[in-house]
Amino acid sequence: MAKQKESKQKKMNVRVDFTPMVDMMMLLITFFMLCTTLAKPQAMHLTMPAKDETMKDEDKDKSKTEQTITIYLAADNKLYYYIVDHKEDFGKPEFLKETTWGKEGIREVLRNHRHAPAKVLMDAKNQLDLWFNALPKSQQEANDSIYNRAMIMIKKGHVDIVSNGQLDKARYEKVDHDMKEYTESNMVPTLAVNIKPLNNSNYDNLVTILDEMQICCIGKYVIDQINEKDMPILIENGITIE
């Protein structure tokens, strides 16, 4: 009996040509590069003190006492503030007060400071935001630098550049010129804050208190360590330092 030949199936080579995909990928990359809006870098503006040789000694003492508040960040999320009216009172432990975090706590203390309330600055910032948000989207980007410059002015105490949700362009230009010439005037009292984290405090509390500085438009603040003058104040109030 003759042996039948086995049928052999013809194999076809399967080859996918990816050459058109290269062109498609280049088109997609070009499309996203042209249409994507890059995020703007976020920067924090710091108001640096100017050297003033003409300031009287009593004015310097006033700026160190009446318009200054010291904030202590302690363990277990504890928060204390220290306010004195006279230079001679600094160091007395009875002026140390405990407060809480948030709107009803430290923010209320900063808003209603008896000599340099932050409420005035916060109201001016709200007026500036009303002016900026009322602008068309096409104009907001063009006025972004003006907004940031106006925020610096407000933090320095120039609250008269905005009123009724409008920016006074003439006053803005006048203040901008005076700031460059170091001849500023007509400023409301602004608060200076000393932030002193204890060794047993946590980093989250430091970030939170820096957020409060921005919310309350505090332009002058410093993060410092406790010194020998702070020790008696804390110890007398039973606050653990380490």
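Residues numbered from 1 in each chain as written. Predicted model: local features only at pLDDT ≥ 70, side-chain atom pairs only at ≥ 80, totals over all residues. Heavy atoms only, no water.

When pLDDT is low, close inspection of the predicted coordinates is not appropriate. Mean pLDDT over the protein works out to 82, with 82% of the residues at or above the 70 mark. Scored below 50 in pLDDT, residues 46–52 shows six contacts in the model against residues more than four places distant or in partner chains. Here residues 57–61 is modelled with pLDDT under 50, and outside its nearest four sequence neighbours on either side it reaches two contacts, counting other chains as well. (pLDDT = per-residue confidence, 0-100. Contact = heavy atoms within 4.5 Å.)

Read from one edge of the open sheet, five strands run β3-β2-β1-β6-β7, paired in mixed fashion. One side of each edge strand has no neighbouring strand; the edge strands of this open sheet are β3 (96–99) and β7 (220–223). Shown here is a sheet whose adjacent strand axes are inclined to one another by a mean of 25°, direction ignored. Bridging between strand β1 (residues 68–73) and strand β2 (residues 79–82) involves four bridges; their strand directions are antiparallel. Bridge pairing links Thr 70 to Tyr 82 in β2. Where helix α8 (residues 203–215) meets the sheet, it contacts β1, β6 (192–197) and β7, and its direction lies at approximately 175° from that of β6. (Pairing = 2+ DSSP bridges. Helix = DSSP H or I, 4+ residues; strand = E, 2+ residues; numbered from the N terminus. Axes fitted to C-alpha atoms, helices over the stretch in contact; angles between N-to-C directions.)

Take the environment of Glu 98 next. Structurally, the position occupied by Glu 98 is in strand β3. Judged by relative accessible area, which is 46%, Glu 98 ranks as partly exposed. A C-alpha to C-alpha distance of 5.9 Å links Glu 98 and Leu 79, two positions 19 residues apart in sequence. For Glu 98, the residues in contact, after removing those within four places along its chain, are Lys 78, Leu 79, Tyr 80 and Tyr 81. Looking at Glu 98, its side chain comes within polar contact range of the side chain of Lys 78, at 3.5 Å. (Buried < 20%, exposed > 50% of the residue type's maximum accessible area, 1.4 Å probe, protein only. Polar contact = N/O pair within 3.5 Å; in protein donor to acceptor, adjacent residues only side chain to side chain.)

As a further point, take the side chain of Glu 212. Looking at the element boundaries, Glu 212 is found in helix α8. Judged by relative accessible area, Glu 212 falls into the buried class, the value being 4%. Each residue touching Glu 212, except ones within four places of it in the same chain, is listed here: Gly 102, Ile 106 and Arg 107.

Attention shifts here to the state of the cysteines. Tallied over the entire structure, the rule returns zero disulfides. Sulfur of Cys 216: no disulfide; nearest cysteine sulfur belongs to Cys 217 and is 7.6 Å away. The class of Cys 217 is buried, set by a relative accessible area of 0%. (Disulfide = S-S within 2.5 Å.)

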